[in-house]
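Each chain, letter by letter, is given below.
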Amino acid sequence: MSSSSLYITDQFPVAAVQAGWPRGLPAPLTRLVGRAREIEELERLLGRTRLLTLTGAGGSGKTRLALELSARVAPSWPDGVGWVELSSIEDPRALAHHVVLSLGVGDEPGRSSIAALVATLRERAVLLVLDNCEHLLDASAELADGLLRACPRLGVLATSRQALGVAGETAWLVPPLAVPESESEPPERLAGREAVQLFLDRARAAHPAFALGETNARAVAHICRALEGIPLAIELAAARVRALSVAQIAEHLDEAFRGRRDAFRLLNAGARTGPRHRTLRGVMDWSYELLTEPERRLLERLSVFVGGFSLEHAAAICCPDDDVLRADDVLDLVAALVDKSLVIVGDAGGAARYRLLETVRQYARERLRARGEEDELRERRATYFLALAEEAAPRLVGGASDPPLVARLTLEDGNFRAVAEWCERDPSRTAIALRLGTALHWLWFARGQFREGCRRLAAALERTASGESSASGESGASGESGGVPVLVRAHALVAYSSVLIWQGNYALAPRWLAEAIPIFRRERDAYGLAYALTDLGAATALSGDPRAAAPILEEAVALARTLAPNTLAAIALYWRGLAAQMRGEIELGRESFEEALAIGHALGDPPSNAHPMYRLGWLECDLGRWGEARALFLESLARLARMDDRWGMVQVLDGLACVALGGGEPARAARLLAAAETMREGHGIALPAEWRANHDRLFAACAKEVGEEVVEEARRAGRTMRFEDVVAEAMCVPAMGSCGPPLAAVGTAIPRVGVQAARSPENGARAAAPAVALRVLALGPLQVFRDGELLGADAWSSAKSRELLLFLLCHPEGRTREQIGVALWPDASTARLRNVFHVTLHRLRRALGRAEWVGIEGDRYLVSPALGHELDAAVFERDARAALRELKKSPAAADALRAALESYRGDFLATELVGDWHLEIRERLARLCVDALLALGGVLAEEGRHAEAADVFRRVLERDPLHEDAYRRLMLSHARLGERSQAIRLYQRLERLLRDELETEPAPETARLHERLLRGDEL
């Protein structure tokens, strides 16, 4: 038996395996880094299937993983493991004969190679490993199918960039190595990332003195992230430490990925011996040669996308009017490239999203450039994504008014950035750059990308000349300024001014608006003029002159109202209210914010709801109405968190810090202030001088309460908190009395009456109790606790794995794979569903730490009840319904109802982008919350606790602004508190809302209450 790749018990007993590396398997020259979970999962799979194929892109580590797996399971195959390397075989007809030779099987004259293999393997328990099948796919599939049918004890493990497609095959996509979550991770945390471990291992082999430390940690993390965890690419980069520092390697990679260097020259340090695909270019050449000509052309053209693409994008941009590719063929061609592991498919909000690994994209771009098509494809890309941005722009005004749209556009960050950079390289494209910046500036607001937006718009505006139209008397968009249509420039000037205001550069914005406003007046562009005036009034007020801002904002509001009750009117009202508040005109401020809020409700526009709401909260702070302020801040925060609106959140966090300080929690207040400060710094947001003074005064008041050391410690903690932890911390701010001094007195006289114990992870109210191994908080910001510890973002490989957990928790009786597929991947094919479900389930089990957490009973998957788990949504529903039933028997059940309501931190899955399956649950729980609030408010009113009842009824109206019964009850509460004018104003607001939205009048019962209030009747 020559070079025996197969060991058989009568020749090589099992004892030989136990002495060391299994005989018959190629001995690895390097150790396997990481992959412990993958090996464990593959061992389980190999015990349940007879054909397991490891698929993945070139360089992903399929062969190395298969080798380690084969060695691990060798003792389980009594008759041996046979390793067959196929990369050297080119003729499919020679495959079976090559296997015969590799296994040392006797070859008799007149007997086919297949027959010889069957005769040898028919009664043996053998694992046959076929390595590198992709270029012999049909022949490998035929051989595996024939042998498996004829040899009942045989198992086959294959590696291929494409599944074999044999009945009963389990295809397993080899994932990349885990990369650092960010480049700022400390060295001790970086050292635990698999990609970093591999880099360090191979770097030390090249340079034994190499070590990870503070000076090179960021560069190592950058390299591993840039190479996306591809083992071969990381190994080749690490080999370069012989001649380059890691900072130089990172710089070379950056330049290569920007098209300024050849990435493959850097990553060509493969061994001089061994197969041809030990260099990255060799891997890519090998894959490219196996493609059909249409597949090659599409792969090349797909390189124009940065960050990913959809099928629609590919059809629109990659299929110009030629005979090479047709739009109708894109689906089949992309699917073929996915099968061959050259295109990666993922899930984005229920729709398929595709991308190329960066190394694959660089290779394909080289090929595209050599073919002479790169310039044409980039121009088509610019035209397409500009149209996409401009079509979406009206729905983005105000920020994340359409969260699904923001999520879809966020996926195109890389493509938008690539178009902007393409424009910057040629002044003739400046108009495109200005139009793109104008279309995207509200998306930048929604994403907190102020610095990038400001830089790109400034650069584009600098490339055009300011001044009047050069089109000799011709007006409209045809007039040009510096080669750019004047209205294009004017709208860009306003967009730029908006970004400047968001960044706190109030003094610079009016200079640009002074150029834009005359253009809008001359061109009779009412929308542009209203927007420009709004920005001018805002900048003027925030610069410290709110009185000068008053007439500007009055004109802006009047003009915006003529356009319809739209988002721009709400924005203008917001700034008018803020300027009024700064002048001390509280009633005008309140009126403006409430009108903006009503517009937001009418339009269903989240930003127009959330921003006026927190300004109303600050008004309540100014009046010392702390309970009302807290309720408004918390509701606004929940909405802002769902939108990820950092600009609004920093203002809410300051407000909640003020309330926390008054509630006797100065350390929590300091953490919130520090978190807001960090958020501002990270996104380039500045505060007006007056607000900054309040912020500093709050810090000083915290220090006065507990000392500088405690505040400094809290400040450090706040500056390192993750976003979801900041939201959770803020949601735990305790309630306090409804009376108190205005904000100016903060730190010296805030009352502490009615302070409740904080509910926080520190005191155990929100962390997982030891009796419950898995606790999930899905009402409001999502949090998952395992054994009392919060699972951070780094514990989850994907959002889909979290969604799968939530879906199963909401269906404790279990769901089939098909039912799960309909909910989570409604458009997926059967084949794709099988693959993505398996990968997602694997990731979920890995995140939870134990595979037993998700079991299967019959054909249903479910979260194991035996291990102990709890979902707050289910607990709230159970407890609230039970309390409502008891309340009919005894008012004493109000305490249980209040306790249930305290767990309702926000709507179900308020901060998660998940499928539509959750909407029915969210609506049911929201209705139950409203019913519970009304019942609790009724009990409080009957007990004469009218201020508390009013707070509860306001919470109802924040959830349902047209709930007439809640309006009536709130009016009665105000009247019984001696606040008849406030009750009358509530009726007027209700009357306006009903007429505008439902074209109806208040109910007779409500109208009669209003009349009694006007007459001054006793209530």
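Residues numbered from 1 in each chain as written. Predicted model: local features only at pLDDT ≥ 70, side-chain atom pairs only at ≥ 80, totals over all residues. Heavy atoms only, no water.

Draft legend 1. Quick look at the overall build of the protein chain. From N to C terminus, the protein chain includes 45 helices and 16 strands. Summed over its atoms, the accessible surface of the protein chain is roughly 41,600 Å², and 50% of this surface lies on carbon and sulfur atoms. (Helix = DSSP H or I, 4+ residues; strand = E, 2+ residues; numbered from the N terminus. Areas by Shrake-Rupley, 256 points an atom, 1.4 Å probe, with all protein chains shown as cover.)

Draft legend 2. Structural view of the packing of aromatic side chains. Going through the model one piece at a time under the given rule, you end up with 22 aromatic pairs. On the basis of an interplanar angle of 80 degrees and a centroid distance of 5.9 Å, the ring pair of F385 and F416 is categorised as edge-to-face. Placement of F385 in helix α18 (residues 374-392) and of F416 in helix α20 (residues 413-424) is noted, with a sequence separation of 31 residues between them. With relative accessibility at 5%, the residue F416 sits in the buried group. (Phe/Tyr/Trp six-rings, centres within 6.5 Å; stacked < 30°, edge-to-face > 60°. Buried < 20%, exposed > 50% of the residue type's maximum accessible area, 1.4 Å probe, protein only.)

Draft legend 3. How the structure looks around unusual backbone geometry. At R35, a residue that is not glycine, the phi angle is positive and equals roughly 70 degrees. Mapped onto the secondary structure, R35 falls in the loop between α1 (14-18) and α2 (36-46).

Draft legend 4. Broad picture of the sheet that holds strand β13 (residues 815-816). The strand order across the open sheet formed by three strands is β13-β15-β14, and the pairing between neighbours is antiparallel. At either margin of the open sheet sits one strand with a lone partner, and together these are β13 and β14 (854-857). Direction of pairing for β14 relative to strand β15 (residues 860-863): antiparallel, over a ladder of four bridges. Within the sheet, the bridge partner assigned to G855 lies in β15 and is L862. (Pairing = 2+ DSSP bridges.)

Draft legend 5. Representation of the nonpolar core within the structure. Within the largest apolar cluster, 194 residues are counted, with the highest numbers of intra-cluster contacts made by F199, I223, L302, W575, F633, W647 and L656. Setting aside chain neighbours within four positions, we find F199 in contact with F210, V220, I223, C224, I234, A237, A238, V241 and V246. I820, V863, L871 and I984 belong to the second-largest nonpolar core, a separate cluster that totals 81 residues. (Core = buried A, V, L, I, M, F, W, Y, C linked by side-chain atoms within 4.5 Å. Contact = heavy atoms within 4.5 Å.)

Draft legend 6. Summary view of the environment of G792. Among the secondary structure elements, G792 is positioned in the loop between β12 (789-790) and α36 (799-809). Classification of G792 by relative accessible area gives buried; the value is 8%. In this structure the C-alpha to C-alpha distance between G792 and D725, which are 67 residues apart in sequence, comes to 9.3 Å.

Draft legend 7. Looking closely at the environment of A492. Note that A492 resides in helix α23 (residues 486-503). Under the relative-accessibility criterion, A492 is labelled buried at 0%. If near-sequence neighbours (up to four positions away) are discounted, A492 is found in contact with L434, T438, L457 and L461.

Draft legend 8. Structural detail: helix α42 (residues 946-959). For α42, which comprises 14 residues, the first-to-last C-alpha distance of 20 Å matches the rise-based estimate of 20 Å (1.5 Å per residue) to within 8%. Burial in α42 covers these residues: H946, A949, A950, V952, F953, R954, V956, L957 and E958. The elements touched by buried residues of α42 are α28 (586-603), α30 (626-643), α41 (919-942) and α43 (964-976). (Expected span 1.5 Å × (residues − 1).)

Draft legend 9. Spotlight on the side chain of T840. Following the sequence through the fold, T840 ends up in helix α38 (residues 830-848). Residue contacts for T840: discarding those within four places in its chain leaves K800, S801, L804 and W825.

Draft legend 10. How the structure looks around the sheet that holds strand β3 (residues 127-131). Strands sit in the order β2-β3-β4-β1-β5 across an open sheet of five strands; the sheet is parallel. Taken across any chain shown, the strands that pair with only one partner, and hence form the sheet edges, are β2 (81-85) and β5 (169-173). Each neighbouring strand pair of the sheet contributes to a mean axis angle of 15 degrees, computed without reference to strand direction. Two elements, β2 and β3, share five bridges in a ladder whose sense is parallel. Residue E85 lies in a different strand from β3, and its bridge partner there is D131. Strands β1 (51-55), β2, β3, β4 (155-159) and β5 of the sheet are contacted by helix α3 (residues 62-73), whose axis makes an angle of about 155 degrees with β4. Taken strand by strand, helix α4 (residues 95-103) contacts β2 and β3, and its axis lies near 130 degrees from that of β2. (Axes fitted to C-alpha atoms, helices over the stretch in contact; angles between N-to-C directions.)

Draft legend 11. Fine view of the pattern of salt bridges. Counted according to the given criterion, the structure contains 72 salt bridges. Salt-bridge contacts for R193 lead to E185; the nearest nitrogen and oxygen are separated by 2.7 Å. Judged by its relative accessible area of 6%, E185 is buried. Via salt bridges that share partners, R590, E620, R625, E628, D951, R954 and E979 belong to a single interconnected network. (Salt bridge = Lys/Arg side-chain N within 4 Å of Asp/Glu carboxyl O.)

Draft legend 12. Highlighting the packing of α4 against helix α6 (residues 137-150). At a minimum axis distance of 10 Å, the contact between α4 and α6 shows a crossing angle of 60 degrees. Here α4 is positioned oblique relative to α6, judged by the angle of their axes. Mapping the contact onto sequence places L95, A96 and V99 in α4 and A139, S140 and L143 in α6. Of the residues that constitute the contact of α4 with α6, the class distribution is five nonpolar, one polar and no charged. (Parallel < 35°, antiparallel > 145°, perpendicular 65-115°, else oblique. Nonpolar A, V, L, I, M, F, W, Y, C, P; charged D, E, K, R; others polar.)

Draft legend 13. Structural view of the pairing of β1. Where burial is concerned, most of β1 is hidden: five out of the five residues are buried. Examined bridge by bridge, β1 and β4 share four bridges and lie parallel to one another. The residue of β4 that forms the bridge with L54 is T159. As judged from the five bridges shared by β1 and β5, these two strands associate in the parallel manner. Bridged to L51 within β5 is E169.

Draft legend 14. Here's a closer look at the pairing of strand β10 (residues 774-777). Along β10, one buried face is formed by L774 and V776 and the opposite face, lined by R775 and L777, is buried too. For β10 and strand β11 (residues 783-786), the ladder comprises four bridges, and the chain directions are antiparallel. Residue pairing in the sheet places V776 in a bridge with V784 of β11. With antiparallel pairing between neighbouring strands as the criterion, β10 and β11 make up a hairpin whose turn holds five residues, including G780 at a positive phi of roughly 90 degrees. Here β10 runs beside strand β16 (residues 869-871); their pairing, made up of three bridges, is parallel. Looking at the pairing, L774 lines up with H869 of β16.

So far we have only geometry, and geometry alone does not tell us how the molecule works.
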